[in-house]
Amino acid sequence: MQGLKRTHYCGDVEGIGNEVVVGGYVQKVRDLGNLIFIDLRDRTGIVQLAFDDSTDREIFSKASGCHAEYVLMAKGVVRERESKNDTIKTGHIEIDVKDLRILAKAQTPPFEIVDDTNVNEELRLKYRYLDLRRNVLQQNLIMRSKIAKVARDYYYENGFIEIETPMMIKSTPEGARDYLVPSRVHHGKFYALPQSPQMYKQLLMISGFDRYIQLARCFRDEDLRADRQPEFTQIDLEMSFVDVEDILEMNEGFIKRLFKEILNVDIPTPLPRLTYKEAMERYGSDKPDTRFGMEIQDISDLVQNSGFGVFSSAVDAGGSVRAIVAKNAATVLTRKEIDKLTEYVRGIGAKGLAFIRWVEDEPSCGFAKFLADGELDAILSRLNAEKGDVVLFVADKNKVTLPVLGALRLKVAKQLDIIPEGYNFLWITEFPFFEYDEDSDSWIAMHHPFTMPMDDCIEYLDSDPGKVTAKAYDLVLNGTELSSGSIRITDYELQQKMFRALGLTDEEIEAKFGFLVEAYKYGAAPHGGMGIGLDRLAMLMCGTDSLRDVTAFPKVQNASELMSGAPNVVDGEQLNELSISIIPDKKEN
RNA sequence: GGCCCGGUAGUUCAGUUGGUUAGAACGCCAGCCUGUCACGCUGGAGGUCGUGAGUUCGAGCCUCAUCCGGGUCGCCA
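The model shown is predicted, which means the values in this text are computed figures rather than measured ones.

**Q** Help me understand the side chain of Asn-478 in this model?
**A** By the element assignment, Asn-478 lies in the loop between strand 20 (472-477) and strand 21 (480-487). In this structure Asn-478 comes out as buried when scored by relative accessible area, which is 11%. At a separation of 2.8 Å, a polar atom in the side chain of Asn-478 contacts the main-chain carbonyl oxygen of Gly-422. A polar atom in the side chain of Asn-478 sits 2.7 Å from the backbone nitrogen of Asn-424.

Below, the structure written as structure tokens:
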């Protein structure tokens, strides 16, 4: 730094008459001839450097040679500006520069480093280190860092111990696809990267650590989404001597503290709760956005004998007819728009979409001609539909009507722009333990196989698996699943029973989970925990809708990283050492 | 893997029915400029129209393939 030592960050410069030293990047040079202004930027903000006829000639000519993104240190005296700028924090002062060092010149960047950019994200990701110079992203990552700090503060204060668990672990093929790491030492064998530290944290409970936390990197080799990266971070925790209530309460405390400390938002606790069943019936989703109404309503009983065959046959077949009412939507949801919605619901599994559009005095309803006298009125009155509303119906098996209307509800709400701002947390509880898989004609674990069933349904394990619910809970914020957890099975016998109910043979149980089953033979306190998605939490707290905005070096949809070019082809020698050969891509043959 | 959208100066975009030399703004370069902060003024450079085939007298525009990016469904115990 050629003898200069920074005294202030740019955004913090103050005190007229103070001698200060600042360092940063050139945001903008405004060269007026015999008067030059340079906006100098660091992560705290911008300060104006001023050079005029009182400036040393050598320094003045250095200043006139500066361009965007040059790295400078400047020493000077803080003075009041002749003309002020109210739009920035340091807009009333400037630095009368007495000494200037150009620490690094810079090529013209491929895009301007400004907050409000609409540059193609692909280019930004290729030059991510430049993109990250932008204030918005810096603030997002700073926010993420603060969240991590509050998490450590809170859980440490509550007696949690941070313990690292291995990144190279045994692969178990349940759940998401594993990322694999070949072993050099063990010919033909592989480690897996953890999808979560699940089994290890349970073992730590068995060891008696009682309360564990880790900011754990997790890996899942599945296709990406805006809110899904293949590697992500969980605030992962586990507690002993607890039941569901204790865990929810502990984590509500964290949420409350986090939002107060960082956003100064009061989150009322206890957080609202919905059972899985209720969430599905009212919102068609296990992660409902409850910031707005438009709840799903069941009219099956009204139409089971209807002349409209689409409705009656759905009910006959054991399904249902359900509807959502979009209030005052008739002008936005034109015939054409409803056609688009029909197209949409067909794409997600519905056979069609029946609707009533109530624009004129009388509701317009394509299927009214099939209905008996008074039937339409009964439906409208049940649904509390009024003039100006649009009612959308789906008739099918419950497995279709509920999720389809759930998705439609969200889509329509976005279209109508009726979703209010705010942070609407809720817990979803009592998840079904099993999910029937039609492909394999078997029951599979909806959560993971270590989840404890609710006390009163253990008896149905063999007789009626569909009836068994689990001590599992999700934390949902504004329609995004933020966290998932459960109470674990700590009884060796019960665990065996669960594995068998899932169709595992004793040999498979031994091969996959033998060490865990064995461990529980030595005694474990009742325990459970959860993992909070740090990335998603940061995303929502930053008010963005993409994890890429809160991840320093994110991957794109095909799981590659555009800046470094990962993944890449490796040296044949590296493969030889690992005894791996590459099968040519089918497409290249 | 399916479906949808996009790819034209460094960047963001426009580009007529397929028709002469592909435009604008910002950025960049040079000159001028003492209170700018979207500085101003004058001048200038800058294009394999993602890539490859095809149709055509002629393709940025039409067709096919392909690559890249985004969204979405599948997938994510």
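**Q** Looking at this structure, I do not really get the pairing of strand 18 (residues 434-437). What am I missing?
**A** A regular strand places its side chains on the two faces of the sheet in alternate fashion. In this structure, strand 18 lies alongside strand 19 (residues 442-445), joined through four bridges in antiparallel fashion. Each residue of the ladder has a partner; that of Glu-435, found in strand 19, is Ile-444.

**Q** Honestly, the layout of surface pockets in this entry has me stumped. Any pointers?
**A** Rolled over the atoms, a probe sized like a water molecule indicates the empty space that remains. Roughly 990 Å³ of volume is contained in the second largest pocket. Sorting the residues of the lining of the second largest pocket by element identifies strand 7 (180-182) and helix 17 (572-577) as the ones contributing at least two each. Along the lines of polarity and charge, the residues of the lining of the second largest pocket split into 16 nonpolar, three polar and five charged.

**Q** I'm lost on the sheet that holds strand 10 (residues 231-240) in this one. Help?
**A** Strand order in the open sheet formed by eight strands is 6-9-10-22-21-20-17-11, and the pairing between neighbours is mixed. Among the strands making up the open sheet, the edge pair consists of strand 6 (161-162) and strand 11 (273-275). In this sheet, strand 9 (residues 211-219) lies alongside strand 6 in parallel orientation, the contact comprising two bridges. By the bridge assignment, Glu-162 is partnered in strand 9 with Ile-213.

**Q** Would you mind showing me how to read unusual backbone geometry here?
**A** Peptide bonds are trans in most cases, and residues, glycine excluded, mostly fall at negative phi. The omega angle of the peptide bond from Thr-269 to Pro-270 is 0 degrees, so this bond is cis rather than trans. With respect to the secondary-structure elements, Pro-270 resides in the loop between helix 6 (244-263) and strand 11. Residue Pro-567 follows Ala-566 across a cis peptide bond; omega there is -5 degrees. With respect to the helices and strands, the residue Pro-567 is situated in the loop between helix 16 (534-541) and helix 17. Although it is not a glycine, Glu-69 sits at a positive phi angle of roughly 75 degrees. Of note in this structure, Ser-579 is not a glycine but carries a positive phi near 55 degrees. Relative to the assigned elements, Ser-579 resides in the segment after helix 17.

**Q** When you look at the pairing of strand 10 in this model, what are you seeing that I'm missing?
**A** The element strand 10 is extensively covered by neighbouring structure, given that nine of its ten residues are classed as buried. Across nine bridges, strand 9 lies against strand 10 in antiparallel orientation. Bridging across to strand 10, Tyr-212 finds its partner in Glu-238. Here strand 10 pairs with strand 22 (residues 527-533) via seven bridges, running antiparallel. Pairing of Met-239 across the sheet is with Gly-528, part of strand 22.

**Q** Just to check I follow, could you spell out the packing of helix 4 (residues 135-157) against helix 6 for this structure?
**A** How two helices sit against one another is set out by the angle between their axes and by the gap between those axes. Their axes nearest at 10 Å, the elements helix 4 and helix 6 cross at an angle of 135 degrees. In terms of their interaxial angle, helix 4 and helix 6 are classed as oblique. In the crossing of helix 4 with helix 6, the sense of the turn from one axis to the other is right-handed. Where helix 4 abuts helix 6, its residues Met-143, Lys-146, Ile-147, Val-150, Ala-151, Asp-153, Tyr-154, Tyr-155 and Glu-157 lie against Met-250, Asn-251, Gly-253, Phe-254, Arg-257, Leu-258, Glu-261, Ile-262 and Leu-263.

**Q** Honestly, the packing of aromatic side chains in this entry has me stumped. Any pointers?
**A** The geometry of an aromatic ring pair comes down to the distance between the two centres and the angle between the two planes. All told, the structure shown has 21 aromatic pairs when counted by the stated rule. Considering the side-chain rings of Tyr-276 and Phe-431, the 5.3 Å spacing of their centres and the 45 degrees angle between planes classify their relative orientation as tilted. With Tyr-276 in helix 7 (residues 276-283) and Phe-431 in the loop between strand 17 (425-429) and strand 18, the pair connects residues that are 155 residues apart, well separated along the chain. Among the residues examined, Tyr-276 registers a relative accessible area of 18% and is labelled buried. A residue is classified by how much of its surface remains accessible, and Phe-431, at 6% relative accessible area, is buried. Considering the side-chain rings of Tyr-436 and Trp-443, the 5.1 Å spacing of their centres and the 65 degrees angle between planes classify their relative orientation as edge-to-face. Among the aromatic residues, those joined into a cluster by ring pairs are Phe-308, Phe-311, Phe-367, Phe-370 and Phe-393. One cation-aromatic arrangement involves Arg-6 over Tyr-9; the distance from NZ or CZ to the ring centre is 4.2 Å. One cation-aromatic arrangement involves Arg-409 over Phe-292; the distance from NZ or CZ to the ring centre is 4.0 Å.

**Q** For this particular structure, what's the right way to read the sheet that holds strand 14 (residues 354-357)?
**A** Hydrogen bonds between backbone groups are what pair the strands of a sheet, and the pairing can be parallel or antiparallel. An order of 12-13-16-14-15 is seen for the five strands of this open sheet, with the pairing classed as antiparallel. The sheet is open, and its two borders are formed by strand 12 (297-298) and strand 15 (364-365), each paired with just one other strand. In the sheet, strand 14 pairs with strand 16 (residues 390-396) via four bridges, with the strands oriented antiparallel. By the bridge assignment, Phe-355 is partnered in strand 16 with Leu-392. Together, strand 13 (320-326), strand 14 and strand 16 form the strand contacts of helix 9 (residues 309-316), whose direction differs from that of strand 16 by roughly 45 degrees.

How each quantity is defined
- Residues numbered from 1 in each chain as written.
- Chains lettered and ligands numbered in written order.
- Predicted model: local features only at pLDDT ≥ 70, side-chain atom pairs only at ≥ 80, totals over all residues.
- Heavy atoms only, no water.
- Helix = DSSP H or I, 4+ residues; strand = E, 2+ residues; numbered from the N terminus.
- Buried < 20%, exposed > 50% of the residue type's maximum accessible area, 1.4 Å probe, protein only.
- Polar contact = N/O pair within 3.5 Å; in protein donor to acceptor, adjacent residues only side chain to side chain.
- Pairing = 2+ DSSP bridges.
- 1 Å grid on protein atoms, 1.4 Å probe; cavity = no way out; pocket = protein on both sides within 12 Å on 5 of 7 lines; lining within 4 Å.
- Points joined across faces, edges and corners; volume = space filled by probe spheres on them.
- Nonpolar A, V, L, I, M, F, W, Y, C, P; charged D, E, K, R; others polar.
- Axes fitted to C-alpha atoms, helices over the stretch in contact; angles between N-to-C directions.
- Parallel < 35°, antiparallel > 145°, perpendicular 65-115°, else oblique.
- Left-handed = near helix turned anticlockwise from the far one by under 90°.
- Contact = heavy atoms within 4.5 Å.
- Phe/Tyr/Trp six-rings, centres within 6.5 Å; stacked < 30°, edge-to-face > 60°.
- Lys NZ or Arg CZ within 6 Å of the ring centre and 35° of its normal.

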